[in-house]
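Each chain is listed here by its residues.
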Amino acid sequence: MPYDNTDAVFPNFKNYFELRNLLILLSGAVVLALVATGYYLKHEDPAYYWDWGAYFDMYQNFGQMVRHNNRWFARLLVTIRNDDYNLLPISFLAPLSIAFQTSRWAYIAGITIFYLIPAAAVTAVCAAFCVTGNKNKNTALPGKAGFAGLFVAALIFHHYWAPTLRGLPDIVGLIPLGLATLLLMRSKFLTQASWRTILCFALLAWLTFALRRWYAFSIVSMMIMASLMAALTLITPQDREKHFYHLVKAYAATGIVIVILLAILQHTLVHRILVTSYQEAYIAYQAPFMSQLNTVIYSIGPLYTLLFIVGIGLAIINRNQFVLFCASCAILTFVLFSRTQAPGIHHLLPIFFWMVVVSGYTVLMLFAHLSAWTVKIGTTALLVYGALSWGIVFSPALSARLQPFHSIFPMERLFPLHVENMPEYTKLIAQIKALTKNGEKFAVFSSGGELTTAVLFAFDHSLEPQLAWPSQIDARDHMLLAPLEAPLAIVTDQPITHLDPKDQQVITLPNDCIFNHHDFGTAYQQVAGPFVMSEGHKAYIYRRTRPLSDADIEWIQEQLNHSYPAWKWNHAGMIE
């Protein structure tokens, strides 16, 4: 295969910055990361439940394994092979976990410095290449000021921070995904790629998936669009047969390398993915297509949406295949993912990555026709807008001050976590500890930010031995019976769910029966409460007065069969 200097895709930054200027830029980015994360966490209550706390707990536990040299590498490989949530994303932060142990600030700052900043740099390089690469692959990137502006704009892009400040390390996947995008563009979608380039691309594509499995939608979209872009080169009659065989070999080799890596390192996970219908398992997280599209637009904001649309138009006029590729990847990823579930804040990262690249191209193209003075004013205005967008999204004070101008900014809001009536949660936990001092288990039949098992665990990890974790989502979890057998239960006056109650009957049914004392709920007696939770919800503690009977289980199955006719008691602790 031909060799086309594709390795130059990993740019040597000293060509664009003096070392002193580069150090200043990176130092400023690190200081911003430390200050921003410190400010955010200072105003936050530690209600890190579900995904917001899961990786933080894994980060701490893995750090301890490395600290004590407790077969940590073997454990890392096992989780990569088997787990939906593996240790790989947080494994690179192990030194911070060892040094700072339980510090949430060190964890979030680590994600920002080691993942978000490089992701912003890759975003800037991709945007710059979209301008220069379409003309001549050897054209230098934009000047120092231009590249610095792109980098800072990507660095303060609010949605890169959204999952990061919530404790999700998913932005790490943008680094290999961005580099894979860059390799594809640099090699003209593998039409001019050497074997080394193909191998690097395959490794980057697999690594993106290995870091977080849901990036599979982005990888598939990228492969589809790259192969289509490459196929367009066959339109010209010159050396058509030669190009055809080259493309077949390039994409076949890429697929083979990825399959080998998956077979060796992740065969258990891949098998589970292939036999699982995630569309059915995550149906509770589904939303109408237009609702999901509105979420994308509201989250990224009107300016980036406009720049993205204008960028597509400019790319069509200029026949810029790289911009059209990035735009197509963003759109196709959204379409594919939306069929499985409505995207969460972390799922939007690859979509917004490609959208920001296209938006950066738009700005560079527009600025190319303006005077130097106008470009400086425009750059300053855009960076100020980006900084204000960041503040509006994450600072309730700034959001309130700028309320008259909300229509021109993103509608996304991720203020620091705040728990109303925190003393009541403290009282509830103290009461639970007193009632379970002899090792009794308890279950929480509530599933929302106001109260859930994970909320209490986040406030006090010492509760873990006594926790009987109940099912949360019908289609995904089915009905676990062990929590219903626990001696103690916490219920609320009104069922609390984070999704449509009809999709969380495994929570609402026990809560209703126990609180209203009917059917199998007659086997419980109130022993404590009420405890006034957030938003006025009242929680109560009940003690079971007799064991869960077969008749109780059969009645529960009968009720669930109204919505899920196929569910049966398997006599092994589950109705499924």
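Residues numbered from 1 in each chain as written. Predicted model: local features only at pLDDT ≥ 70, side-chain atom pairs only at ≥ 80, totals over all residues. Heavy atoms only, no water.

**Comments concerning the pairing of strand β6 (residues 524–532)**
Direction of pairing for β6 relative to strand β7 (residues 538–544): antiparallel, over a ladder of six bridges. Following the sheet pairing, Ala528 is matched in β7 by Ile541. The antiparallel hairpin formed by β6 and β7 contains five residues in its connecting segment, where Glu535 sits at a positive phi of about 60 degrees. (Pairing = 2+ DSSP bridges. Helix = DSSP H or I, 4+ residues; strand = E, 2+ residues; numbered from the N terminus.)

**Considerations on the side chain of Ser447**
Along the chain, Ser447 falls in strand β2 (residues 447–448). With relative accessibility at 0%, the residue Ser447 sits in the buried group. A distance of 2.9 Å separates a polar atom in the side chain of Ser447 from a polar atom in the side chain of Gln504. When residues no more than four places from it in sequence are discounted, the contact partners of Ser447 are Trp50, Thr452, Gln472, Ile496, Thr497, His498, Gln504 and Ile507. (Buried < 20%, exposed > 50% of the residue type's maximum accessible area, 1.4 Å probe, protein only. Polar contact = N/O pair within 3.5 Å; in protein donor to acceptor, adjacent residues only side chain to side chain. Contact = heavy atoms within 4.5 Å.)

**Here we look at the packing of aromatic side chains**
In the structure shown here, the tally under the stated rule is 30 aromatic pairs. Considering the side-chain rings of Trp214 and Tyr215, the 4.1 Å spacing of their centres and the 20 degrees angle between planes classify their relative orientation as stacked. A relative accessible area of 0% means that Tyr215 is categorised as buried. Members of the aromatic cluster, joined through ring pairs, are Tyr40, Trp161, Trp390 and Phe394. The side chain of Arg166 reaches across the aromatic face of Trp52, ending 4.8 Å from its centre. (Phe/Tyr/Trp six-rings, centres within 6.5 Å; stacked < 30°, edge-to-face > 60°. Lys NZ or Arg CZ within 6 Å of the ring centre and 35° of its normal.)

**Considerations on the environment of Ser194**
Looking at where Ser194 falls in the secondary structure, it is placed in the loop between α9 (174–186) and α10 (195–211). When its relative accessible area of 6% is taken as the criterion, Ser194 is described as buried. Linking Ser194 and Ala250, residues 56 residues apart in sequence, is a C-alpha distance of 8.8 Å.

**Considering the side chain of Asn511**
Note that Asn511 resides in helix α25 (residues 505–516). Accessibility expressed as a relative area gives 1% for Asn511, which makes it buried. A polar atom in the side chain of Asn511 sits 2.9 Å from the backbone nitrogen of Thr492. If sequence neighbours within four positions are ignored, Asn511 has contacts with Phe445, Val491, Thr492, Gln494 and Pro495.

**Quick word on a nonpolar patch on the surface**
A contiguous nonpolar surface patch, about 350 Å² in accessible area, is contributed by Val31, Leu34, Val35 and Trp105. Ranked by the residues each element gives to the nonpolar patch, the list is headed by helix α1 (residues 19–42), at three residues. (Patch = residues over 30% accessible without salt bridge, like charges linked within 9 Å, V, L, I, M, F, W, Y side chains within 5 Å. Areas by Shrake-Rupley, 256 points an atom, 1.4 Å probe, with all protein chains shown as cover. Salt bridge = Lys/Arg side-chain N within 4 Å of Asp/Glu carboxyl O.)

**Considerations on helix α12 (residues 240–265)**
In an α-helix, one turn spans 3.6 residues; hence positions three or four apart end up facing the same way. Taking 1.5 Å per residue as the helical rise, α12 with its 26 residues ought to reach 38 Å, and the 37 Å between its terminal C-alpha atoms agrees with that figure. For α12, the complete set of buried residues consists of His246, Leu247, Ala250, Tyr251, Ala253, Thr254, Ile258, Leu261 and Leu262. In this structure, the buried side of α12 is in contact with α10, α11 (216–231) and α13 (267–275). (Expected span 1.5 Å × (residues − 1).)

**Digging into the sheet that holds β7**
The strands that make up a sheet are held in pairs by hydrogen bonds between backbone atoms, and each pair lies either parallel or antiparallel. On the basis of which strands lie adjacent, the open sheet formed by four strands has the order β1-β5-β7-β6 and mixed pairing. Among the strands making up the open sheet, the edge pair consists of β1 (442–444) and β6. When strand polarity is set aside, the average angle formed by the axes of neighbouring strands in this sheet is 20 degrees. In this structure, strand β5 (residues 488–492) lies alongside β7, joined through five bridges in antiparallel fashion. If you follow Ile490 over to β7, its bridge partner there is Ile541. Against the sheet, helix α21 (residues 422–435) engages β1, β5, β6 and β7, with an angle of about 155 degrees to β6. Its contacts with the sheet put α25 on β1, β5, β6 and β7, and the angle it makes with β5 is roughly 95 degrees. (Axes fitted to C-alpha atoms, helices over the stretch in contact; angles between N-to-C directions.)

**As for the state of the cysteines**
Going through the model one piece at a time under the given rule, you end up with zero disulfides. Take Cys326: it sits in no disulfide, and the sulfur closest to it among the cysteines is that of Cys130, at 4.4 Å. (Disulfide = S-S within 2.5 Å.)

**Some words on helix α15 (residues 289–300)**
The terminal C-alpha atoms of α15, which comprises twelve residues, lie 17 Å apart, in line with the 16 Å expected from a rise of 1.5 Å per residue. Tucked inside the fold, the buried residues of α15 contact α8 (158–165), α16 (302–318), α17 (321–338) and α18 (349–367). After α15 finishes, the residue Gly301 shows a positive phi value of roughly 100 degrees.

**A look at the confidence of the model for the chain**
Summary statistics for the chain give a mean pLDDT of 90 and a share of 94% for residues scoring 70 or more. Considering only residues more than four positions removed or in separate chains, one finds that residues 1–14, a stretch of pLDDT under 50, has 37 contacts. Low pLDDT, under 50, characterises residues 136–141; the stretch is placed with 13 contacts to residues that sit more than four places away or in other chains. (pLDDT = per-residue confidence, 0-100.)

**A few points about the pattern of salt bridges**
Within the structure shown, the criterion is met by nine salt bridges. One salt bridge in this structure joins Glu44 and Arg166, with 3.5 Å as the shortest N-O distance. Of this pair, Glu44 sits in the loop between α1 and α2 (51–67) while Arg166 sits in the loop between α8 and α9, and the two are 122 residues apart along the sequence. Overall, Glu44 belongs to the buried group, its relative accessible area being 9%. On the basis of relative accessible area, Arg166 is assigned to the buried category, the value being 8%. Residues Asp170 and Arg212 are paired through a salt bridge, measuring 2.8 Å at the closest nitrogen-oxygen approach. Within this pair, whereas Asp170 is found in the loop between α8 and α9, its partner Arg212 is found in the loop between α10 and α11, the two being separated by 42 residues in sequence.

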